[in-house]
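Chain by chain, the residues run as shown.
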Amino acid sequence: MKITYIHGLESDPIGPKSTWLNDKFDTYIPSVNYKDPSSFERILNKCKGSSLIIGSSMGGYFAYLISLHLGIPTLLFNPAVIGRTINPIVEEPNKPKRAKHSIYLGKKDNVINGSLVKKWFSNNGTGSFVYNKYDGEHRVDYDVFIGAVSGVLNLKESMGVESFESFHNLNKKEIYN
């Protein structure tokens, strides 16, 4: 299974989260310069064939837009669909594709307002949306990240079995279409 992980604006693609993903999956984890006008198209083209796109903050914004092009489900952490400090050059599709989006919002996030993110997706989003809150700030703790990925993919670590089933049968608090 190919997983794409797109880091945030002031984050590094190399670290414990990417190491864990690399150990479990075939991964594409680009180093993104959000000020480079060619970044979005380059990443979009390399995401083809992914089963899931994970994005954090500005990477969540990229992941969501890439999903609209390719119809790939996403796991978004505090996506910067609003409240961005920069506006990178992105390409919005003419005919957006629908996908499932699992969104994690930090209860103590002082960078991205979770209520405004939900409102933005409610007014502008394409696809279905499942919202989860975690007890944390903007930067996502390793345990929250691993738990979210494992939950979305229904990873059964002890058996080494990976399933995409739970992503399509989520039983969460809020679902918006």
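Residues numbered from 1 in each chain as written. Predicted model: local features only at pLDDT ≥ 70, side-chain atom pairs only at ≥ 80, totals over all residues. Heavy atoms only, no water.

A. Up close: the packing of helix α1 (residues 16–24) against helix α5 (residues 142–153). At their nearest, the axes of α1 and α5 sit 10 Å apart, and the two run at 30° to each other. By the angle class used here, α1 and α5 are roughly parallel. Every pair of crossing elements has a handedness; the one defined by α1 and α5 is right-handed. Along its contact with α1, which presents Pro16, Lys17, Trp20 and Leu21, the element α5 presents Tyr142, Phe145, Ile146, Val149 and Ser150. Among the residues forming the contact of α1 with α5, the class breakdown is 7 nonpolar, 1 polar and 1 charged. (Axes fitted to C-alpha atoms, helices over the stretch in contact; angles between N-to-C directions. Helix = DSSP H or I, 4+ residues; strand = E, 2+ residues; numbered from the N terminus. Parallel < 35°, antiparallel > 145°, perpendicular 65-115°, else oblique. Left-handed = near helix turned anticlockwise from the far one by under 90°. Contact = heavy atoms within 4.5 Å. Nonpolar A, V, L, I, M, F, W, Y, C, P; charged D, E, K, R; others polar.)

B. Seen up close, unusual backbone geometry. One non-glycine residue, Ser57, lies in positive phi territory at about 55°. The backbone of Asn154 sits at a positive phi, close to 50°, despite the residue not being glycine. Tracing the backbone shows Asn154 in the loop between α5 and α6 (165–168). For Asn154, a relative accessible area of 24% puts it in the partly exposed group. (Buried < 20%, exposed > 50% of the residue type's maximum accessible area, 1.4 Å probe, protein only.)

Without other data, these values stay purely geometric and don't point to any function.
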